[in-house]
Each structure stands twice: as structure tokens, then as C-alpha cells.
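Close look at the chain arrangement
Okay, here's what each chain looks like letter by letter:
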Amino acid sequence: MIAQIRAKTYKAGDKLPAERDLAETFCVSRPSVREAMIALEILGIVEIRGRSGIYVLDSAPSKLEEEGGKAAVRRDLDVGAFELIEARIVIEGETAGLAAASVKPEDITTLRALLARMNSDDIVEAEEADRAFHVHIASMTDNSALIDAVDHLWVLRIKSPLASQIMVRAQGGGHQARMDEHEAIVRALETGSGIAARRAMRRHLENVRDYLLDATETAELDALRRKLKSRRLAVVGRTRATSSAE
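Source: prediction; values computed, not measured.

When the charged atoms of two side chains with opposite charge come close together, those side chains can pair. This model, assessed by the stated rule, comprises 12 salt bridges. The partner of R112 in a salt bridge is E183, and the shortest N-O contact between them spans 2.8 Å. With R112 in helix α6 (residues 105–118) and E183 in helix α10 (residues 175–191), this pair connects stretches of sequence that are 71 residues apart. Here R202 makes a salt bridge to E206, at a shortest N to O gap of 3.7 Å. Of this pair, R202 and E206 both sit in helix α11 (residues 194–245), four residues apart, which is roughly one turn of the helix.

On the secondary structure map, D130 appears in helix α7 (residues 123–139). An unpaired buried charge is present at D130: no salt bridge exists, and R157, the closest side chain of opposite charge, is 4.6 Å distant. Setting aside its immediate chain neighbours within four residues, D130 contacts M118, W154 and H182.

Detail in the predicted coordinates should be disregarded across regions flagged by low pLDDT. Summary statistics for the protein give a mean pLDDT of 80 and a share of 74% for residues scoring 70 or more. At the level of individual helices and strands, the protein shows its lowest average pLDDT in helix α4 (residues 60–65), which scores 64, and its highest in α6, which scores 97. Taken together, the stretch residues 67–76 has pLDDT below 50 and engages in 18 contacts with residues farther than four places along the chain or on a different chain.

Attention shifts here to the nonpolar core. Generally speaking, a soluble globular protein has its nonpolar side chains buried in company with each other. Grouped together as the largest cluster of nonpolar side chains are 48 residues, with contacts concentrated most on M37, F133, I137, L189 and L212. It is helix α5 (residues 81–100) that provides the largest number of residues to this core, a total of eight residues. When residues of this core are assigned to domains, at least three map to each of domain 1 (1–70) and domain 2 (81–213). Contact partners of L189, with chain neighbours within four places excluded, come to A96, A99, A100, V103, I108, L111, I137, M140 and A197.

One can describe the packing of α7 onto α10 by two numbers: an axis separation of 12 Å at closest approach and a directional angle of 20°. Considered as vectors, α7 and α10 are oriented roughly parallel to each other. Pair α7 / α10 crosses with left-handed handedness. Contacts from D130, F133, H134 and I137 of α7 reach α10 at H182, I185, V186 and L189.

Summed over the entire model, instances satisfying the criterion amount to zero aromatic pairs. The cationic tip of R178 hangs over the ring face of Y211; the distance from NZ or CZ to the ring centre is 5.5 Å.

Every regular strand shows the same layout, with side chains that alternate between the two sheet faces. Because side chains alternate across strand β2 (residues 53–56), one face comprises the buried residues G53 and Y55, and the other comprises I54 and V56, equally buried. The pairing of strand β1 (residues 46–49) with β2 spans four bridges and is antiparallel. Bridging across to β2, I48 finds its partner in I54.

Count 3.6 residues to each turn of an α-helix, and residues three or four apart come out pointing the same way. Taking 1.5 Å per residue as the helical rise, helix α8 (residues 144–159) with its 16 residues ought to reach 22 Å, and the 22 Å between its terminal C-alpha atoms agrees with that figure. Within the sequence span of α8, burial applies to L146, V150, L153, W154 and R157. The arc that holds every buried residue of α8, seen down its axis, measures 95°, which confines them to one face. Exposed and facing more than 90 degrees away from the buried side of α8 are S144, A145, D148, I158 and K159.

Another aspect to go through is the environment of A23. The residue A23 is located in helix α2 (residues 19–26) in this model. In the structure, A23 is positioned 11 residues away from R34 in sequence and 9.3 Å away in space, judged by C-alpha atoms. For A23, the contacting residues outside a window of four places in its chain are V28, S29, R30 and V33.

Quick notes on the rules
- Residues numbered from 1 in each chain as written.
- Predicted model: local features only at pLDDT ≥ 70, side-chain atom pairs only at ≥ 80, totals over all residues.
- Heavy atoms only, no water.
- Salt bridge = Lys/Arg side-chain N within 4 Å of Asp/Glu carboxyl O.
- Helix = DSSP H or I, 4+ residues; strand = E, 2+ residues; numbered from the N terminus.
- Buried < 20%, exposed > 50% of the residue type's maximum accessible area, 1.4 Å probe, protein only.
- Lys, Arg positive; Asp, Glu negative; His and termini not counted.
- Contact = heavy atoms within 4.5 Å.
- pLDDT = per-residue confidence, 0-100.
- Core = buried A, V, L, I, M, F, W, Y, C linked by side-chain atoms within 4.5 Å.
- Domains from an automatic or database assignment.
- Axes fitted to C-alpha atoms, helices over the stretch in contact; angles between N-to-C directions.
- Parallel < 35°, antiparallel > 145°, perpendicular 65-115°, else oblique.
- Left-handed = near helix turned anticlockwise from the far one by under 90°.
- Phe/Tyr/Trp six-rings, centres within 6.5 Å; stacked < 30°, edge-to-face > 60°.
- Lys NZ or Arg CZ within 6 Å of the ring centre and 35° of its normal.
- Pairing = 2+ DSSP bridges.
- Expected span 1.5 Å × (residues − 1).
- Arc of directions from axis to C-beta.

Pasting the structure below:
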């Protein structure tokens, strides 16, 4: 898509094809397309106009000329929330399966304490507890590579502008479902069943992925609602001004 914009296949002001069409054209998933579009929006190359579509901005040509045209492939935007979730499904699913084989009563106590902290109204406290929950499960494997891998995925989630942007758009809602999923992970670990623990972890992360997809669509719809409301208020204002003049 960047190459097509640079080649002026899509010029400033042009509307890009629908998300589903782009996914088929480039043979990638819809989450990948959505991440790419949000990355381009962050870089000032396109604008996502609610349900209206995605448009190439007037500033796109100059943005793509920055750093020899590499502005749109900056490394810090390469990792998005959906990519991280896919990696976590693979890595943390297997990690939970291994952890179940060596679970101790004190591990369950620690995880339940972290669950209580995750229910905090303090967003920072809840996020820290969530991270500690997943890292503790990794620590139960006594495998330093897995511990580092799980922790690094959380670091990427925090440091990547693209992942952070998607997470911000998805803030709010889905809290109780996530709490229930974490509780299911603890119960599965408590049984000592690797299969059950792996399944519970994968189900949780797959649900997070689906929630992010729904939430970003909702954000786009909300943006459209706000725009329409603004237009209605403008029309009402003009009508009242006209009536007063008469």
C-alpha cells in the first residue's frame, strides 16, 4: 500500500479500498490490514474517517519522502496489538501447559492475589497485576527463555506506538469477561492438566484478539456518530440564526 501511494496509484484525497478488499488483495488477515491502516494514520499518511472509509492525506507525499521514504516502515510501528496477541497465543498457550505440570499451592495463592489486584479501579495497578499474572505463570516453568519471552511481549505492548494506540482505542468494556477468563486459567492450572491450562490460556488470548477487533470497529462507529452529531448541531445553529434574523 505504501508503494502504491508513493507511485500515486492512490493520490491525496483518494479513498482506499475497503478493509476486506485490501485483505484479499494482499492475502493477509483483516487484523493485519487494520493495524497497517492505524500505523499509516499515526504517521499522517491516511485518515480513518469512521465508517466513511480511509483516505490518503494531502501530507502523504511529503511524509513518504522523509528519511528517503522510510517513515512509514519505522521499526517502532512494526509491532501491533494483533501481532502481539498472535505471538502470545502461541507462546503463552504452551507456557501455561508446561506450568501446569509443576504447579504448587503457593502459585495458586499468588495468582489469586494478582486476580484481586487486576480488579482494581486503578488502571495502572490493574495493568501491572495483569502483567505479573502472566509472567508468574511463565516463571512456574523454570524456563528463563520462556519467562523472558512472555515479559518481552508485554514490554513491546507498552513501548510500541501502534500496539499502544490500538489498546487505547479498545479501553473500557470487556472487563468482567477478561476477569472470568483469568479465573478459568487459574482453575485449569490448579487441576495440573496441561491440556486444560493450554486451552484456557489460548481461549483467553483469542477472546482478547476478537475483542480488539470489535472494539476498534466500535471506535470507528463512535467517531462517525460524533461527526454526525456535530453536523446536526451546526444545522440547528444555522436554522436558529436564520429564524432570529427573520
